[in-house]
Amino acid sequence: GRRRGQVIEEVPKAGTPVAMITGHMPVLDSFGFETDLRAFSQGQAYCDQAFSHWAIVPGDPLDQSASKSLRPLEPAPNQALARECMVKTRRRKGMSEDIGIGKYFDDDSLLLELVEQDLVMENGFH
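First, a word on scope: everything that follows refers to the structure included in this document. The structure presented is a predicted model; accordingly, all values stated were derived computationally and were not measured.

**Some details on the overall build of the chain**
Here is step 1: Looking only at helices and strands, the chain features four helices and two strands.
Here is step 2: From first element to last, N terminus to C terminus, the chain shows the α and β order β-β-α-α-α-α.
Here is step 3: The burial tally for the chain puts 13% of its 126 residues in the buried class.
Here is step 4: Of the contacts made within the chain by residues no fewer than 6 positions apart, 26% connect residues no fewer than 24 positions apart.
Here is step 5: A total accessible area of about 10500 Å² is found for the chain, and carbon and sulfur atoms account for 57% of it.

Right, dumping it as structure tokens:
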């Protein structure tokens, strides 16, 4: 399916065609789930959603190369999940997809100095 959910447990209710299904689904994929469920079941199924747990989203939200693999209405590949989550959230809030820190600096020389300091720290030079 297009949602990244996992069924954890399915318990049929004895003597009825009813079953209670417990599962996990990322919040990002839960928007519109109840509408889809009711449409698919012709109004016979309903859901109750509650927060279960936090989990790390795979991938790098700052990796712009991951945006090339994002296609509308298709699930993102694992290495692009963090980028997809960030982009969709920013779009939903009406924010730009550009999250580079450069736009917060009026002086390019200060940004360049910070980058150089970061490189020095990464390489263990003081």
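**Considerations on the environment of glutamine 44**
Here is step 1: For glutamine 44, the location among the structural elements is in the loop between helix H2 (33-40) and helix H3 (81-92).
Here is step 2: Exposure remark for glutamine 44: the relative accessible area of 70% places this residue in the exposed category.
Here is step 3: In sequence terms glutamine 44 and valine 18 are 26 residues apart; their C-alpha atoms lie 9.8 Å from each other.

**Structural notes on H3**
Here is step 1: In this model H3 runs 16 Å from its N-terminal to its C-terminal C-alpha over 12 residues, within 8% of the 16 Å that 1.5 Å per residue would give.
Here is step 2: All of the buried residues along H3 are Leu81, Ala82, Arg83, Glu84, Met86, Val87 and Arg90.
Here is step 3: Where H3 is buried, its residues meet helix H1 (27-30).
Here is step 4: Two residues or fewer past H3, glycine 94 is found with a positive phi of approximately 75 degrees.

**So, the pattern of salt bridges**
Here is step 1: Summed over the entire model, instances satisfying the criterion amount to four salt bridges.
Here is step 2: The shortest N-O distance in the salt bridge between aspartate 29 and arginine 4 comes to 3.3 Å. Residue aspartate 29 is found in helix H1, and its partner arginine 4 is found in the segment before strand S1 (6-12); the two are separated by 25 residues along the sequence.
Here is step 3: Its relative accessible area of 26% is what places arginine 4 among the partly exposed residues.
Here is step 4: Linking arginine 38 and glutamate 34 is a salt bridge whose minimum nitrogen-to-oxygen distance equals 3.4 Å. Of this pair, arginine 38 and glutamate 34 both sit in helix H2, four residues apart, which is roughly one turn of the helix.
Here is step 5: Judged by its relative accessible area of 38%, arginine 38 falls in the partly exposed class.
Here is step 6: Judged by its relative accessible area of 35%, glutamate 34 is partly exposed.
Here is step 7: Sharing partners across several salt bridges, the network here consists of Arg4, Asp29, Glu84 and Lys88.

**Some thoughts on unusual backbone geometry**
Here is step 1: For glutamine 42, which is not glycine, the phi torsion reads 55 degrees and is therefore positive.
Here is step 2: The residue glutamine 42 is located in the loop between H2 and H3 in this model.
Here is step 3: Given a relative accessible area of 70%, glutamine 42 falls into the exposed group.

Conventions and cut-offs
- Residues numbered from 1 in each chain as written.
- Predicted model: local features only at pLDDT ≥ 70, side-chain atom pairs only at ≥ 80, totals over all residues.
- Heavy atoms only, no water.
- Helix = DSSP H or I, 4+ residues; strand = E, 2+ residues; numbered from the N terminus.
- Buried < 20%, exposed > 50% of the residue type's maximum accessible area, 1.4 Å probe, protein only.
- Contact = heavy atoms within 4.5 Å.
- Areas by Shrake-Rupley, 256 points an atom, 1.4 Å probe, with all protein chains shown as cover.
- Expected span 1.5 Å × (residues − 1).
- Salt bridge = Lys/Arg side-chain N within 4 Å of Asp/Glu carboxyl O.

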